[in-house]
Structures are given as C-alpha cells and as structure tokens.
Amino acid sequence: MKIDRLVSIIMLLLDKKRIGAQELADMFEVSPRTIYRDIDSINMAGIPVRGASGVGGGFEIMPKYKIDRNVFSAADLSAILTGLSGLSSMIRGDELANALAKVRSFIPAERAKDIELKTNQIYIDLSPWIGNRNIQPYLEIIKKALQESRLLSCEYADRYGNKTARTAEPYQLVLKSSHWYWQGYCLKRNDFRLFKLSRTSNLRIEEEFFTPRDYQKPQLDFADILDTMQTKIKIRIHKSAVDKVLDYCTYEHFSPDGDEHYIVSFPFIENEYYYNILFSFGNKCECIEPLHIRAEMKRRIHDIATIYES
C-alpha cells in the first residue's frame, strides 16, 4: 500500500465532488480492485468515503466532513514532505508548491517541531553539482506539454552523437539512476521511445495538440535480465577507487590485497558500457582475469595511446 497514492486519492476527493473507481485506476495505473482496497483503508483511517452507483456515480467524501489532522502520523507526513521537497528541487511549479502547502496544513501546531525534525533528517537534492544547464528548463517544458497534451519537437543525439529531428507525443517523465528521461510516441519512428534528456537539444512545445493513445510504460527494471547476462571478473583496485567501485557492487565482493589494494569480484558484461566503466577507474584499476578481457583492455589502452602519439 503506497502512502503517496492514498494521500493523492484523499486530495482528489477533497478537490472533486465525486470521482469513479475506473478513473482513479487509470490515473494511478493500478486495477480498480486496488482502488477499492485503498478506499477501504481511507475509511478505516477515519475519513468517511461513500460510493454512489449509476450514471455519474463514484466515490466522494461525505459532505461537511473535516479531515482530522491526526489521521497521518509524524512519519507519514515526514515521508510525504521529504519526497515532495526533493522533487521540487528539480521541477518547480504551482502544483508542487500547492501540494506542499496542503500537506503542511495537516500538521497540528503541537506536532510541527517533531515533524520538521524528522523531515530534515533526510535531504534529497536531485539537481546536479555541474552539468547540462538545460535539464531544469527542459523539465518544465516537458511538464507543460504533458499537462496540455501538446507535441514536443527536438533534436535528439544517439550514443554516437548522430542527431535527428524528432517530434513526439510526451507521456511520462522518468528519473532513473540520477538521469532524467522522457517517454513519448515518436512520430518519426511510429513507436514509443525513451529519450534521454541530456541528449535532447532545441526542445520546444508545438502549437499542435494530440489525443493520447494507449500508453506503453517503458521497461526500467532489468535486474532479472542482468543477472543472466553478467559474469564476474577479477579486478585489482587501489583503495582510492573504492568509492567509485561501490557504485556497481557491494563491499562483500572486496577482499584486501596488502595495505593499499583490494581484489574485487566485479559484475561485467562484454560491451562498450562495461569496458567504459573499467576505464572510468583510471590507473587505479587493473583487470586480472579472465585473460581475454585483460587482453582487450590492453588493446584499447594501446589504441588510446596511439591517438596521443600521432
């Protein structure tokens, strides 16, 4: 049961007089059965939600009901405020500001200090230290296009830097592993595509509106696939590279090798992405085995050295 979905449903019921189960299910991408369970949970929390059948039916909060500010625990409110505050560091807008204000309105004066303390124990800042300065304004552009169902146009670069002009129907903003993406139906490819925001340039909203089509969510969880594709290689790293290597495996894969080095059982797939990971560790990393990967690293290093010799 997700507390953010329950709070969102409560906010919707407060904002609207009546809303149907199927509409809520479509909005949160869950089944109507899940919505009915959520409504039961909201009722059990002390908020009287009643259902009306027939044409124009749906759920509504009983008239004249005032929400008890003690419905949410300090932990509930802290979690919601932490999440909303973290998101607002990258996406600014009236909706997030209003949501933060509404959640804070649930906080009784006598609990405000305790909740503020718990909220400040976790700080989420999604804005980058350095990098592409277009990210934040582009997020606002995409957010507006999503709200208004308007086409987006841009130039998009593939991983080799080749640019193509694209026009797409935007459907979702995605934050995955500290990188922003936007999912859209590409009119050039006639299919859904996941566009990396850092590869997007000259992004603009078109005047043309579109009618949303059946949406296909992007596949973002590759854990099962990676488990079948990855093998373990043995690398030797200097202790100064430990922090970087820990981004890709756990400390249980480390074993000391003298006072300055570690031997690491490192997850690896033989492709450009993983070879570039090893190169990102610089001269603080040596591939020990298997020998054919060690030989490939040596060949690539030689190619790099050749560039600087010419």
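Notes on the structure in this doc start here. On a predicted model such as this, the values are computed, not experimentally measured, just so you know.

### Description of the overall build of the protein
Then, number 1: For the protein, the count of helices and strands is 11 helices and 11 strands.
Then, number 2: Across the 310 residues of the protein, 35% fall into the buried class.
Then, number 3: The contacts of the protein with a sequence gap of at least 6 include a subset with a gap of at least 24, amounting to 57%.
Then, number 4: Of the accessible surface of the protein, which amounts to about 19600 Å², a share of 52% is contributed by carbon and sulfur atoms.

### Section: the packing of aromatic side chains
Then, number 1: Taken as a whole and assessed by the stated rule, the structure comprises 15 aromatic pairs.
Then, number 2: An aromatic cluster of at least three residues, connected via ring pairs, comprises Tyr171, Tyr185, Phe192 and Phe210.
Then, number 3: Just above the ring of phenylalanine 209 sits the side chain of arginine 150; from NZ or CZ to the centre is 5.7 Å.
Then, number 4: Sitting over the face of the ring of tyrosine 185, arginine 213 holds its NZ or CZ atom 3.6 Å from the ring centroid.

### Here we look at helix α2 (residues 21-28)
Because the α-helix completes a turn every 3.6 residues, residues three or four places apart line up on one side.
Then, number 1: For α2, the full list of buried residues reads Ala21, Leu24 and Ala25. Down the axis of α2, the buried set is contained in an arc of 100°. They therefore lie on one face.

### Focus on the side chain of glutamate 169
Then, number 1: Residue position: glutamate 169 is located in strand β4 (residues 163-176).
Then, number 2: Residue classification places glutamate 169 among the buried residues on the basis of a relative accessible area of 5%.
Then, number 3: Here arginine 213 takes part through its side chain, which lies 2.8 Å from a polar atom of the side chain of glutamate 169.
Then, number 4: The contact partners of glutamate 169, leaving out residues within four places of it in the chain, are Leu151, Gln183, Gly184, Tyr185, Leu187, Phe210 and Arg213.

### Here's the deal with the sheet that holds strand β3 (residues 150-157)
Then, number 1: Strand order in this open sheet of five strands is β6-β5-β4-β3-β7, and the pairing throughout is antiparallel. Only two strands of the sheet have a single partner each, and these edge strands are β6 (191-196) and β7 (200-209). In this sheet, neighbouring strand axes are inclined to one another by 45° on average, regardless of whether the strands run parallel or antiparallel.
Then, number 2: Those strands touched by helix α7 (residues 135-148) are β3, β4, β5 (179-186) and β7, and its axis lies near 20° from that of β7.

### Things to note about the sheet that holds strand β10 (residues 261-268)
Then, number 1: Strand order in the open sheet formed by four strands is β9-β10-β8-β11, and the pairing between neighbours is antiparallel. The open sheet has two edge strands with one neighbour each: β9 (254-257) and β11 (285-289). The sheet shows a mean angle of 35° between the axes of neighbouring strands, taken without regard to direction.
Then, number 2: Relative to β10, β9 runs antiparallel, the two being bridged by four bridges.

### Thoughts on the pairing of β10
Consecutive side chains along a regular strand alternate between the two faces of the sheet.
Then, number 1: Counting buried residues along β10, six of its eight residues qualify, which places the element largely inside the surrounding structure.
Then, number 2: Relative to β10, strand β8 (residues 231-238) runs antiparallel, the two being bridged by eight bridges. By the bridge assignment, histidine 238 is partnered in β10 with histidine 261.
Then, number 3: Taking the residues that link successive antiparallel strands as the turn, the β9-β10 hairpin has three residues, and the phi of glycine 258 there is positive, at about 80°.

### Some remarks on the packing of helix α10 (residues 272-280) against helix α11 (residues 291-309)
Then, number 1: In the contact formed by α10 and α11, the axes pass within 12 Å of each other and the chain directions differ by 75°. On the basis of the axis angle, α10 is roughly perpendicular to α11. Between α10 and α11, the contacting residues are Glu272, Tyr275, Leu278 and Phe279 on the first element and Ile293, Glu296, Met297, Arg300, Ile301 and Ile304 on the second.
Then, number 2: Of the residues in the contact of α10 with α11, the class split is seven nonpolar, no polar and three charged.

### Some thoughts on the environment of leucine 194
Then, number 1: By the element assignment, leucine 194 lies in strand β6.
Then, number 2: Distance from leucine 194 to tryptophan 182, taken between C-alpha atoms, is 5.8 Å for residues 12 residues apart in sequence.

### Here we look at the side chain of threonine 200
Then, number 1: Positionally, threonine 200 belongs in strand β7.
Then, number 2: You can call threonine 200 buried: its relative accessible area is 3%.
Then, number 3: At 3.0 Å, the side chain of threonine 200 and the backbone oxygen of lysine 196 are in polar contact.
Then, number 4: For threonine 200, the contacting residues outside a window of four places in its chain are Tyr138, Cys154, Glu155, Tyr156, Trp182 and Phe195.

### Focus on the nonpolar core
Then, number 1: Judged by nonpolar contacts, the single largest core of 22 residues is most densely connected at Ile237, Val264, Phe266 and Leu278.
Then, number 2: Elements that contribute at least two residues to this core include exactly β8, α9 (242-245), β10, α10, β11 and α11.
Then, number 3: For leucine 278, the residues in contact, after removing those within four places along its chain, are Ile233, Ile235, Phe266, Phe268, Cys285 and Met297.

Conventions used here
Residues numbered from 1 in each chain as written. Predicted model: local features only at pLDDT ≥ 70, side-chain atom pairs only at ≥ 80, totals over all residues. Heavy atoms only, no water. Helix = DSSP H or I, 4+ residues; strand = E, 2+ residues; numbered from the N terminus. Buried < 20%, exposed > 50% of the residue type's maximum accessible area, 1.4 Å probe, protein only. Contact = heavy atoms within 4.5 Å. Areas by Shrake-Rupley, 256 points an atom, 1.4 Å probe, with all protein chains shown as cover. Phe/Tyr/Trp six-rings, centres within 6.5 Å; stacked < 30°, edge-to-face > 60°. Lys NZ or Arg CZ within 6 Å of the ring centre and 35° of its normal. Arc of directions from axis to C-beta. Polar contact = N/O pair within 3.5 Å; in protein donor to acceptor, adjacent residues only side chain to side chain. Pairing = 2+ DSSP bridges. Axes fitted to C-alpha atoms, helices over the stretch in contact; angles between N-to-C directions. Parallel < 35°, antiparallel > 145°, perpendicular 65-115°, else oblique. Nonpolar A, V, L, I, M, F, W, Y, C, P; charged D, E, K, R; others polar. Core = buried A, V, L, I, M, F, W, Y, C linked by side-chain atoms within 4.5 Å.

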